[in-house]
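One letter stands for each residue in the lines below.
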Amino acid sequence: MKCPVPGEEEEEQERVLVSEQSWRPCPKARRRLRGCLEWVKRQLFRVGEDWYFLFVLGVLMALISFVMDLLIFRLYEAHRWLYQEVGDVLVLKYLSWTIYPIVMATFSTGFSQSITPHSGGSGIPELKTILTGVMLEDYLAIKIFGAKVVGLTCTLAAGSTVFLGKVGAFVHLSAMAAAYLGKMRTSVMKEYENKFKQNEMLVAAQAVGVATVFGAPISGVLFSIEVMSSHFAVRDYWRGFFAATCGAFMFRLLAVFNSEQETIAAIFKSDLKIDFPFDLLETFFFVILGAVCGLLACAYLFCQRWLLAAVRDNRLTAKLLATDKPIYTALGVLLLASITFPPGLGQLMASRLTMKEYLISLFDNRTWGLLVPNASSLAAPPSKDPWALWQEWCHPSATIFGTLAFFLMMKFWMLILATTLPLPAGYFMPIFVYGAAIGRLLGETVALLFPQGIHSEGALHLIIPGGYALAGAAAFSGAVTHSISTALLVCEVTGHLSHVLPVTVAVLVANAITQKHQPSFYEGTIIVKKLPYLPRIRSRHMASYQVVVEEFMERQVVALAKGSGFEEVLAALDASADAEYPVLESAGSPTLVGTVSRAQLVTFLQSRKHPQAPQGEKLPTAGTLGESCAIEPVMFQLLPWTSLHQAHHLFELLKLQRIFVTRFGELVGAVSRAELRRAIEELADPK
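Residues numbered from 1 in each chain as written. Predicted model: local features only at pLDDT ≥ 70, side-chain atom pairs only at ≥ 80, totals over all residues. Heavy atoms only, no water.

## Structural notes on the sheet that holds strand β4 (residues 580-584)
Overall, mixed pairing links the three strands, which are arranged β3-β4-β5 in an open sheet. This sheet does not close on itself; its edge strands, each paired only once, are β3 (560-561) and β5 (592-597). Pairing geometry for β4 and β5, over five bridges, is antiparallel. Opposite Glu580, over in β5, you have Ser597 as the bridge partner. Sheet contacts for helix α23 (residues 598-606): β3, β4 and β5; angle to β5, the most-contacted strand, approximately 75°. (Pairing = 2+ DSSP bridges. Helix = DSSP H or I, 4+ residues; strand = E, 2+ residues; numbered from the N terminus. Contact = heavy atoms within 4.5 Å. Axes fitted to C-alpha atoms, helices over the stretch in contact; angles between N-to-C directions.)

Take a look at the structure:
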């Protein structure tokens, strides 16, 4: 190797200095500018970097939601144009009506399932499981994000024929975006990945997912807390509100920029009267509406859970779902599209309306029974005027009551069938529309019984069926999802607050009936999918305070002593696949002193020589577990007489996977999620 000459080194250094000075003039100004930038950075991050990542999360999901809605609208308008352009040939109209949604839904299933099988459904049951402490890494992978965006767009482009929504799947998308932003945050801030920080971002992402679909930040936060979390940390409250507000504001602002609205307004416009929205005597009918919604929600939840399990157990459908999911989707959509064909049964269900047009028409403040004599012909395409959408519910051979009742009867089983399709979709919007139809039917019935209105203190006030539609939408959707915040959601999405009290009454009555008899929609899906999720202990099960840990704990626990050597550790690893093992004081003293992870035990074995190994190996043979491994102290312990209710509360609150049971400091057993879930199931269904 050639040695450098001292003179050449000095010349090279001078050339470098000259080059740096020529390309970086004004060193003092640069230092001042660099100092100013560092000062700005310190000032910006004084409030915490969470604000910026939450802002990015809200704005990003609002942009995605708006672009998806725009694309879905274009695709659906293309379907309408195709249906109108084929003329009056019945066969061509049927083919154009059925083939388009079949192609969209089949492509959605095939594309999303080809990338990952975890992209189907809404994703909320899996998110509920993740938030309880069980890590399902595959459901937050970034590759699912693209598959679900494309698949969800195609699913919604199929229109109200499939009768599916956007909310649940978009909450899953928001959670995946939050998980990815959390990883970016750790790389930018040069910090270690913190599971608590990741959980905080996921909590905020739930609210963003709802807020950027409905433009409703307040109810979005409350709904996400009720549906997703068994326990909620108050410190995460501001995160959810800040991110949801940013997302909802940007979502509505984009509509203004796109000339869809003149200013930021509610998504579903309503013109309900504010001076006297309802009479005090009408509260009785709102209570009846809540009871009807609660009973129908119980029937819906039972049938949906039964069909979902039957489809998985049936030999033919199970084979299709395992190997040919697009074929199952195509057959299901073909059936749904054939029934909703407008010249056929679809003319009795207003099948030409979109999901948004359904709600706008059902929230109409006018009484349809009084407008029917002036209704125009149904041969014309759906009117662009929101005030004329109600005419889609009119038919010469049926009354308004007949079309609404037929809609409810048919959509009941059609919606249940649609929930079994293996494509990305949300299930909240359909039950929201279904509840609005229930309320509209009851409101029109009350208006028919009292055509002159209800007399109150000498004044005459007409019945407003649109108010009952608001209450029905909130009550049925709240009963199915076991949430109360839907009462505020209908007020935010319509911009109408005068019916908030009767709506809340209806929601409470519906929830009281449903929560006593059926698990929620998402909990039922968790049960069918057999996800590792702890079921709730219902309030009527007071026996949960009488059942103690000693009755259901695992007694045969693989434990190690501090003085254990190679053979004892090897035997323990072979006997159990636990993530951590309890460490006792000695083989003769079962006093629990701590735990050791499985990874440390494997390292211990790799660094030690087997007693029967050849003498040529240079690994040490001496050394015990207590000398070589870091024994972690046990933070939480259960006593044998701890009640099932207390143990369940600890598992949910602290997101634990396993707790050891001790009596006077001595190890007597262990309780994991499996034993706890089995005890709760036996309590609910004693044999």
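## Regarding the confidence of the model for the chain
Per-chain confidence: the chain averages 78 in pLDDT, with 81% of residues scoring 70 or above. Across residues 16-22, where pLDDT falls below 50, the model places zero contacts with residues more than four positions away in sequence or in other chains. (pLDDT = per-residue confidence, 0-100.)

## As for the nonpolar core
Nonpolar side chains tend toward joint burial in soluble globular proteins. Of all hydrophobic cores here, the largest spans 133 residues; its most connected members are Phe214, Tyr300, Trp393, Phe407, Phe428 and Phe476. Sequence-distant contacts of Phe428, defined by excluding residues within four places in its chain, comprise Val167, Phe214, Phe223, Ser477, Thr481, Thr486, Leu489 and Tyr522. In this structure, Val549, Phe552, Ala647 and Val671 belong to the second largest nonpolar core, which totals 17 residues. (Core = buried A, V, L, I, M, F, W, Y, C linked by side-chain atoms within 4.5 Å. Buried < 20%, exposed > 50% of the residue type's maximum accessible area, 1.4 Å probe, protein only.)

## A short note on the pairing of strand β8 (residues 666-672)
Burial within β8 is extensive, with five of its seven residues counted as buried. Bridge analysis of strand β7 (residues 658-663) against β8 gives six bridges, and the strand direction is antiparallel. Bridge assignment links Ile659 to a residue of β8, and that residue is Val671. Following β7, the chain reverses through two residues before pairing antiparallel with β8; Phe664 in that reversal takes a positive phi of roughly 55°.

## Structural notes on the packing of aromatic side chains
In total, this model carries 19 aromatic pairs according to the counting rule given. Between Phe214 and Phe428, the ring centres sit 6.0 Å apart and the planes meet at 75°, which makes this aromatic pair edge-to-face. Residue Phe214 is located in helix α8 (residues 195-214), and its partner Phe428 is located in helix α17 (residues 428-449); the two are separated by 214 residues in the primary sequence. Among the residues examined, Phe428 registers a relative accessible area of 1% and is labelled buried. The lysine or arginine in question, Lys166, covers the ring of Phe170, its NZ or CZ lying 5.1 Å from the ring centre. The side chain of Lys411 reaches across the aromatic face of Phe163, ending 4.3 Å from its centre. (Phe/Tyr/Trp six-rings, centres within 6.5 Å; stacked < 30°, edge-to-face > 60°. Lys NZ or Arg CZ within 6 Å of the ring centre and 35° of its normal.)

## As for the pattern of salt bridges
Charged atoms that come close allow side chains of opposite charge to pair. Across all of its chains, the model carries six salt bridges by this definition. Ionic pairing is found between Arg80 and Glu77, a salt bridge with its closest N-O pair at 3.6 Å. One end of the pair, Arg80, and the other, Glu77, are both in helix α3 (residues 50-85), three residues apart, so they sit about a helical turn from each other. Taking relative accessible area as the criterion, Arg80 reaches 13% and is therefore assigned buried. A relative accessible area of 23% means that Glu77 is categorised as partly exposed. Between Arg440 and Glu444 there is a salt bridge, with the nearest N and O atoms lying 2.9 Å from each other. With Arg440 and Glu444 both in helix α17, this residue pair falls four residues apart, about one helical turn. A relative accessible area of 2% places Glu444 in the buried class. Look at the salt bridges and you will find they share partners, linking Glu77, Arg80 and Glu357 into a network. (Salt bridge = Lys/Arg side-chain N within 4 Å of Asp/Glu carboxyl O.)

## Observations concerning the packing of helix α5 (residues 124-131) against helix α21 (residues 521-529)
Contact pair α5 / α21: the axes reach a minimum separation of 9 Å and the direction vectors enclose 85°. Relative to α21, the element α5 lies roughly perpendicular. Listed contacts from α21 to Ile124, Pro125, Glu126, Lys128 and Thr129 of α5 are Tyr522, Glu523, Thr525, Ile526 and Lys529. Residues of the contact of α5 with α21, tallied by class, amount to four nonpolar, two polar and four charged. (Parallel < 35°, antiparallel > 145°, perpendicular 65-115°, else oblique. Nonpolar A, V, L, I, M, F, W, Y, C, P; charged D, E, K, R; others polar.)

## Description of helix α16 (residues 400-418)
The end-to-end C-alpha distance of α16, which contains 19 residues, comes to 26 Å, matching closely the 27 Å that a straight helix rising 1.5 Å per residue would cover. Burial runs high along α16: 14 of the 19 residues are buried. (Expected span 1.5 Å × (residues − 1).)

## Examining a nonpolar patch on the surface
On the surface, a cluster of nonpolar side chains totalling about 500 Å² of accessible area is made up of Val89, Val91, Leu92, Leu95, Ile99 and Val103. Taking relative accessible area as the criterion, Val91 reaches 55% and is therefore assigned exposed. (Patch = residues over 30% accessible without salt bridge, like charges linked within 9 Å, V, L, I, M, F, W, Y side chains within 5 Å. Areas by Shrake-Rupley, 256 points an atom, 1.4 Å probe, with all protein chains shown as cover.)

## Describing the sheet that holds β8
Spatially, three strands are ordered β6-β7-β8 in an open sheet, and the strand pairing comes out mixed. Looking along the sheet, the strands with just one partner apiece sit at the ends: β6 (637-638) and β8.

## Observations concerning the environment of Trp81
Tracing the backbone through its elements, the reader meets Trp81 in helix α3. Taking the C-alpha atoms as reference, Trp81 lies 10.0 Å from Ser96; in sequence the two are 15 residues apart.

## Quick look at the side chain of Thr595
Among the secondary structure elements, Thr595 is positioned in strand β5. For Thr595, the contacting residues outside a window of four places in its chain are Glu580, Tyr581, Pro582, Val583, Ala630, Ile631, Glu632, Val634 and Phe660.

## Description of unusual backbone geometry
One non-glycine residue, Ala350, lies in positive phi territory at about 55°. Inspection of the secondary structure puts Ala350 in the loop between α13 (325-339) and α14 (355-362). Given a relative accessible area of 2%, Ala350 falls into the buried group. The backbone phi angle of His482 is positive, close to 55°, even though this residue is not glycine. Turning to its location among the elements, His482 is positioned in the loop between α18 (465-481) and α19 (486-494). Take His482: its relative accessible area is 8%, and that puts it in the buried class.

## So, the pairing of β4
Among the five residues of β4, four are classified as buried, and the element is accordingly described as predominantly covered. With two bridges connecting them, β3 and β4 associate as parallel partners. Residue pairing in the sheet places Leu560 in a bridge with Val583 of β4.

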